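Spelled out from the first residue to the last, the chains are:
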Amino acid sequence: MRFDAAYDVIVVGGGHAGCEAALAAARLGGRALLLTMSLETIALMPCNPAIGGLAKGHLVREIDALGGEMGRCIDETGIQFRMLNTGKGPAVRAPRAQADKRRYRLAMRRRLEEQPGLDLVTGRAEQVLFQAGRIAGVVTETGGRLRCAALVLATGTFLNGLCHVGLTNYAAGRAGECAALRLSDALQQLGFEIGRLKTGTPPRLHAASIDFAACAEQPGDEPPLPFSYSTTKIEQPQLSCWLTHTNPATHAVIRANLGASPLYAGVIKGIGPRYCPSLEDKVMRFPERRQHQVFLEPEGYETPEIYCNGISTSLPAEVQRQVVHSIAGLERAKMLRAGYAVEYDFVMPTQLLPSLMTKRVPGLFHAGQINGTSGYEEAAAQGLMAGINAARYASGKEPVVLRRDQAYIGVLIDDLVTKGTREPYRMFTSRAEYRLLLRQDNADLRLRDIGHEVGLVDEATHRTFRAKRRLIEAEITRLEATAVHPTAENNAILARFGSASLGTARSLATLLARPELDYWKVNELLVAGDKPARRLTAEVVEQVEIALKYKGYIARQEDEVARFLKLEERPLPADLEYPELTMLSKEVREKLAAIRPQTIGQASRIAGVTPAAISILGVLTARRDGPARRTGEA
């Protein structure tokens, strides 16, 4: 078989998954290629021009801790930064930033173009090639053949993409871009189970035509906090967003025009996102609601375009204008672009290993919306792991798999490969059992070592991280060892902070656990001897406070993790013939055979696999492992 060029890893698709995958593969020392239909739309934000949010912000921080690029890129190009849920506990706080979508795209493209070992080529993959039962390369629309040892498909919404505006539809991966019409068929011919999903986007408005005085201003945080652990300060100015609402007149327009909605006329067959529904869905599913929020979000410094977050729709353009003009502040708004819906194919993710390599074809990896997810952050997280594991596969190394107790990325991938999805999957903090351990603020403490071991975190960055970790550990030790005595002076200080007086000596760490006290307040208390100088960063102080204030809760979750690992670390034999296990129900056997879990822990998370079935699997593996263990001990 003749090839035009050869690579270790080829990545198909230049969206957020493809960018992270290509950068990771090249940075790990191999020769990589990013094959995209357009260099101009690399890292495009076709929907919400924002990064982060609840649980999604956790993913971005984890990507950064592992050595990925999304966090650094949004820090460079963000136009508004906010920490969400600051009034709640640390487990559910999350960073979010509006992006200058043009600058973000150009910044990510620059990183790709400057990355040694990475080629960028314009083209459309239409076939995959095999040799000896594994991936050998791809064929482009011009007949070009590109060899690779590993292939990452990060195709976004382009597989058989179909855009809808009203009852008009046309083949496209997104507005103005061609769909990938042959690759999905090629995957189906290989035996992959294919599904159909739908997503959408709202209209864009001209800023000068909006009456912002009729809307509520939503400013960013001061000072803005960065996503990346490598960013010391956000330098660029922040822009405000604005809040308005739909009203009964808006909802009346929707109801009067449902016949022109492709969603309600039965034209759209794909399943849409449950947690980010179209305006049509919100009006019909929640008839008791008199209003829905509409956030007006600028798309950049140099563009007048305003993104209308909250009114995603595929109604005809003229009806969209009526909807817009019925909303306070938008009565005279000029619509620059109509919203639309897009249907696309995805590959059922239960056909993947936890490494994101397909079970059916060795060397073939999937990442992003091809796996049924929604969101730039979910895509980028998968792209990073697929790129890492594709590079490791190409060089003969074992894959890197993050567990559910290590990262939201681990939760995301485990949910996909174990449970699958029938609707666009979105990450939430509620999906993580150990969310007090998986906070956005400690992503580096959890994952920086892994990023360094893999090869994406350089020695200088890792050295800085190790110094931070030592400071945290030393300060916790100091606070635990420093006693505060019940003197009149100390009780006066505590009274000033609204805290109970001391009857006996207590450590600074014990006092810090009081909700009304923080790190700086307890350090005002008088202790024996000279108080050491403390020049700690806000990040170090935050970790010290959380570790001591939530010490009991954290210890309980760590105990839960220890129990979880007993199941998670018990492997299931790869050759186990589930159909022959007649002591299990037919439903359980079918599900185990379809997913082929790698561990008892993974098997326990498959819907329909009962605790009784897990007990039987435990007995079976113990019987099979028994002789081997005794032999090893001998």
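In the block above lies the structure referred to throughout.
Described below are features of the structure shown in this document. Only a predicted model underlies this, so the values are computations on that prediction, with no experimental measurement involved. (Residues numbered from 1 in each chain as written. Predicted model: local features only at pLDDT ≥ 70, side-chain atom pairs only at ≥ 80, totals over all residues. Heavy atoms only, no water.)

## Some thoughts on the sheet that holds strand S12 (residues 194-201)
Reasoning step 1: With respect to topology, four strands assemble into an open sheet ordered S11-S10-S19-S12, the strand pairing being antiparallel. Two strands in the sheet have a free side with no partner beyond their single neighbour: strand S11 (168-171) and S12. When strand polarity is set aside, the average angle formed by the axes of neighbouring strands in this sheet is 25 degrees.
Reasoning step 2: Of the strand pairs in this sheet, S12 and strand S19 (residues 340-347) are connected by eight bridges, and their pairing is antiparallel. When the sheet's bridge partners are listed, Leu197 is paired in S19 with Tyr344. (Pairing = 2+ DSSP bridges. Helix = DSSP H or I, 4+ residues; strand = E, 2+ residues; numbered from the N terminus. Axes fitted to C-alpha atoms, helices over the stretch in contact; angles between N-to-C directions.)

## Looking at the layout of surface pockets
Once rolled over the atoms, a probe with the size of a water molecule shows which space is left empty.
Reasoning step 1: What the second largest pocket holds in volume is close to 1,200 Å³.
Reasoning step 2: The element contributing the most residues to the lining of the second largest pocket is helix H16 (residues 538-549), with nine residues. (1 Å grid on protein atoms, 1.4 Å probe; cavity = no way out; pocket = protein on both sides within 12 Å on 5 of 7 lines; lining within 4 Å. Points joined across faces, edges and corners; volume = space filled by probe spheres on them.)

## Side note on the nonpolar core
Reasoning step 1: With 73 residues, the main nonpolar core has Tyr104, Leu112, Val152, Met385 and Ile409 as its most contacted residues.
Reasoning step 2: Of the residues forming this core, the biggest block, ten residues, is contributed by helix H9 (residues 376-394).
Reasoning step 3: Core analysis: the next-biggest nonpolar cluster, separate from the first, contains 24 residues, Val12, Leu151, Leu159 and Leu183 among them. (Core = buried A, V, L, I, M, F, W, Y, C linked by side-chain atoms within 4.5 Å. Buried < 20%, exposed > 50% of the residue type's maximum accessible area, 1.4 Å probe, protein only.)

## Describing the pattern of salt bridges
Two side chains that carry opposite charge are able to pair once their charged atoms sit near each other.
Reasoning step 1: Taken as a whole, this structure holds 42 salt bridges when the rule is applied.
Reasoning step 2: Measuring nitrogen to oxygen at the nearest pair gives 3.3 Å for the salt bridge that ties Arg466 to Glu459.
Reasoning step 3: Judged by its relative accessible area of 38%, Glu459 is partly exposed.
Reasoning step 4: Where salt bridges share partners, they join Arg404, Asp414, Asp415, Lys419, Glu433, Glu568 and Arg605 into one cluster. (Salt bridge = Lys/Arg side-chain N within 4 Å of Asp/Glu carboxyl O.)

## With respect to the sheet that holds strand S17 (residues 305-309)
Reasoning step 1: Taken in spatial order, the six strands make up an open sheet running S14-S15-S16-S17-S13-S18, and their pairing is antiparallel. Two strands close off the open sheet at either side, each with one partner strand: strand S14 (216-218) and strand S18 (335-337). When strand polarity is set aside, the average angle formed by the axes of neighbouring strands in this sheet is 35 degrees.
Reasoning step 2: Examined bridge by bridge, strand S16 (residues 293-298) and S17 share four bridges and lie antiparallel to one another. Among the inter-strand pairings, Glu297 is bridged to a residue of S17, identified as Tyr307.

## A short note on the pairing of strand S9 (residues 145-153)
Reasoning step 1: When strand S1 (residues 5-12) meets S9, the two strands line up parallel, connected through seven bridges. When the bridges of S9 are listed, Val9 appears paired with Ala150.
Reasoning step 2: With antiparallel pairing between neighbouring strands as the criterion, strand S8 (residues 134-140) and S9 make up a hairpin whose turn holds four residues, including Gly143 at a positive phi of roughly 90 degrees.
Reasoning step 3: As defined by bridge partners, S9 adjoins strand S20 (residues 364-366) across three bridges and the pair is classed as parallel. When the sheet's bridge partners are listed, Leu151 is paired in S20 with Leu364.

Purely geometric numbers; function is a separate question.
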